[in-house]
Amino acid sequence: MWLEHFDAIFVINLPARADRRREMDQQLRRLGLSLQHEKVVLFPAVRPDSPGGFPSIGARGCFMSHLGVLQMAQAKGVDNILILEDDCDFSKNVTAMLSQLDDGLQKMDWAIVYGGALNDFESQPGATGLQTVLPDTGLMGSHCIALRGSAVPMVAAYFEALLQRPPGSPEGGPMHVDGAYSWLRKDHPELTTLIAVPELAFQRSSATDVHARRWYDHAPVVRNVVGVLRFLKNKWSGA
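To start, this report covers the structure provided alongside it. As the structure is a prediction and not an experimental result, all values here were calculated from the model. (Residues numbered from 1 in each chain as written. Predicted model: local features only at pLDDT ≥ 70, side-chain atom pairs only at ≥ 80, totals over all residues. Heavy atoms only, no water.)

Spatially, seven strands are ordered β2-β1-β3-β7-β5-β8-β6 in an open sheet, and the strand pairing comes out mixed. If you trace the sheet from one side to the other, it starts and ends with β2 (40-44) and β6 (129-133), each paired once. Neighbour to neighbour, the strand axes of the sheet diverge by 25° on average, direction disregarded. Inspection of the sheet shows strand β1 (residues 8-13) paired to strand β3 (residues 81-85) by five bridges, in the parallel sense. Residue pairing in the sheet places Ile9 in a bridge with Leu82 of β3. Packing against the sheet, helix α5 (residues 177-187) makes contact with β3, β5 (112-114), β6, β7 (144-147) and β8 (193-197), and its axis sits at approximately 135° to β5. (Pairing = 2+ DSSP bridges. Helix = DSSP H or I, 4+ residues; strand = E, 2+ residues; numbered from the N terminus. Axes fitted to C-alpha atoms, helices over the stretch in contact; angles between N-to-C directions. Contact = heavy atoms within 4.5 Å.)

Written out as C-alpha cells, the structure is:
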C-alpha cells in the first residue's frame, strides 16, 4: 500500500478552521485513515501577525507551517513523510491510483513526490503513475507533497536559510512555499522529484487563508451560496 511508505502523515490546519478539519477527516477516511490514525499528525498551522517580508500574512504562515512540519519530523526522528494541507482533496479513483503509485515508489529513486500540480504541467503523452520532473520545472503543489527522510534535513535547512535573506534576494528570500520548493529543486538537482500523473490530489475550493478573502466570503447570505457552489465544484472535480 502506498501509504505504508510514510512514517508520518502531517495535516496542516489552522485551529480556527474546524470546517477544513472535518473535510480532511472525510478525505482521509477514503484512504482507510482518519485524523485519529496513529500515523496522522494534525499540525497547528502558523498564523503570523504580519507578512514579515513575505507576499502576505497567509503566505508567511503557509511557509512557516511547512518549515514547522519539517522541523518536527527531524525532532521526532521519523523517516519518509507526507504533508497535506487542509484543503487537499483526493481524486475520484484514488484507490486504484495508490496501487499504481506504490509500485513506482518501490522501483524508482525519489526524494520529493508531488501528488499533483496546480499550475500547468506538461506530462509525457500517455504517462500514468509517477513521472520524473526536471529540476528547473516550477511547480505549485504543496497541498500534497512527500519527502524522503534523508531529504528532510536538507529541505529544512534550505527553508531556514531563505528566512535569513531579504525579500527579492538573488539567492532566494521569503517567498510562497511553492516557490521555495521549486527553488530548492533548482539549486539541488540531485533531489530526484516525481509527480503523480494523472493528479492524485487537487486543491479543494474553499475560503482562502493565504490571500485576502473576497467580499463574498464575508457577506452572510452570499457566503452560504458560495459555500454550496464550492461543494458542488469539489464533487464534480473528483472528491
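With 12 residues, helix α4 (residues 152-163) should reach 16 Å at 1.5 Å per residue; the first-to-last C-alpha distance of 17 Å fits that figure. Looking at the buried positions of α4, the neighbouring elements they touch are α2 (57-76), β3, β7 and α5. (Expected span 1.5 Å × (residues − 1).)

By themselves, these observations are geometric and do not establish any function.
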